[in-house]
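Structural characterization, general
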Amino acid sequence: MLKPGQIITNFKTKKGKEITIRVVDKNDAKKLMDFINPIFAEDTFLLRGPKDLVKNIKEQQKYVKDQLKKVRKKEGFLLLALYKNNIVGTTDLRKGQYRHKHMGDLGITVSKKFREEGIGQELLKILEQESKKLKLKALYLTCLACNLRAIHVYEKWGMKRVGILPRAYEYKGEFVDGITMWKEIS
Ligand SMILES: CC(C)(COP(=O)(O)OP(=O)(O)OC[C@H]1O[C@@H](n2cnc3c(N)ncnc32)[C@H](O)[C@@H]1OP(=O)(O)O)[C@@H](O)C(=O)NCCC(=O)NCCS
């Protein structure tokens, strides 16, 4: 079972940076806020954008508390990729419930300056390894159809495009389709 703060792996990026992947811990709220707000402000392909920044540390502490509860109850996890003790990437998994409990919904984000160095692929590899331990049979997500880099990363990892949610997201003043992607892991 995963423990708060547990180190899962260390690896070097394509540019030789030493990265540690570990489970979120109770004192990570400030670090997480410093990581995620610039990405929301960037107005990239995430659900939240510049108008939806984390407003204060209390909001982020609540998020961390919820993530730790999820880990404790084996309902999923939040993993952090750290470089020099700063968060540069995250991936999170949420297990489904009831008839859906064999399915895991995932999210992933890497800081702008650290993209395209292999951190995304490494996070997904570890996410899959840990999802198997939760007895999940498949992983899925929905991403913006125009997010070609993410779609490439997911397909390289073995996901398939299984559906389209028409005009599911409002992105930069336009309605954009969502692509549902899926990967069997057992
Ligand atoms: C998507 C994301 C998580 C991927 O993480 P990453 O660390 O950049 O990914 P990697 O370095 O492992 O792989 C990047 C790959 O995308 C490829 N790529 C880059 N731009 C691309 C484009 N426009 N179209 C297709 N592929 C592209 C790279 O060549 C590389 O492929 P390769 O491994 O075959 O050489 C990260 O870029 C990110 O956080 N983006 C912004 C937020 C986001 O989109 N999150 C996902 C929401 S669904």
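A brief structural summary. Note that the coordinates shown come from a computational prediction; the quantities given were computed from them, not determined experimentally.

Cut-offs and rules
Residues numbered from 1 in each chain as written. Predicted model: local features only at pLDDT ≥ 70, side-chain atom pairs only at ≥ 80, totals over all residues. Helix = DSSP H or I, 4+ residues; strand = E, 2+ residues; numbered from the N terminus. Buried ≥ 20, exposed ≤ 12 C-beta atoms within 10 Å, placed from the backbone. Contact = placed C-beta atoms within 7 Å. Pairing = 2+ DSSP bridges. Axes fitted to C-alpha atoms, helices over the stretch in contact; angles between N-to-C directions. Expected span 1.5 Å × (residues − 1). Arc of directions from axis to C-beta.

The next point concerns the environment of Arg 22. Positionally, Arg 22 belongs in strand 2 (residues 18-23). Arg 22 sits in the buried class, given 20 other C-beta atoms within 10 Å. It is 23 Å that separates the C-alpha atoms of Arg 22 and Lys 156, two residues lying 134 residues apart in sequence. In contact with Arg 22, not counting residues within four places along its chain, are Gly 5, Gln 6, Ile 7, Ile 8, Leu 80 and Leu 82.

Let's shift gears to the sheet that holds strand 3 (residues 76-83). What the eight strands build is an open sheet, ordered 1-2-3-4-5-6-8-7; its pairing is mixed. If you trace the sheet from one side to the other, it starts and ends with strand 1 (7-12) and strand 7 (160-171), each paired once. Here the average twist between neighbouring strands, direction ignored, is 20°. Relative to strand 2, strand 1 runs antiparallel, the two sharing five bridges. Looking at strand 2, one finds that Lys 12 is bridged to Glu 18.

Helix length check: helix 2 (residues 57-72), at 16 residues, gives a terminal C-alpha distance of 22 Å against a target of 22 Å (1.5 Å per residue), a fit within 8%. Listing the buried residues of helix 2 in full gives Gln 60, Val 64, Gln 67 and Val 71. In a view along the axis of helix 2, the buried residues occupy a sector of 60°, so they form one face of it. Away from its buried face, by an angle of more than 90 degrees, helix 2 presents the exposed residues Lys 58, Glu 59, Lys 62, Lys 65, Asp 66, Lys 69 and Arg 72. On its buried face, helix 2 sits against strand 2, helix 1 (29-41) and strand 3. Following helix 2 by one or two positions, Lys 74 adopts a phi angle in the positive range, close to 55°.

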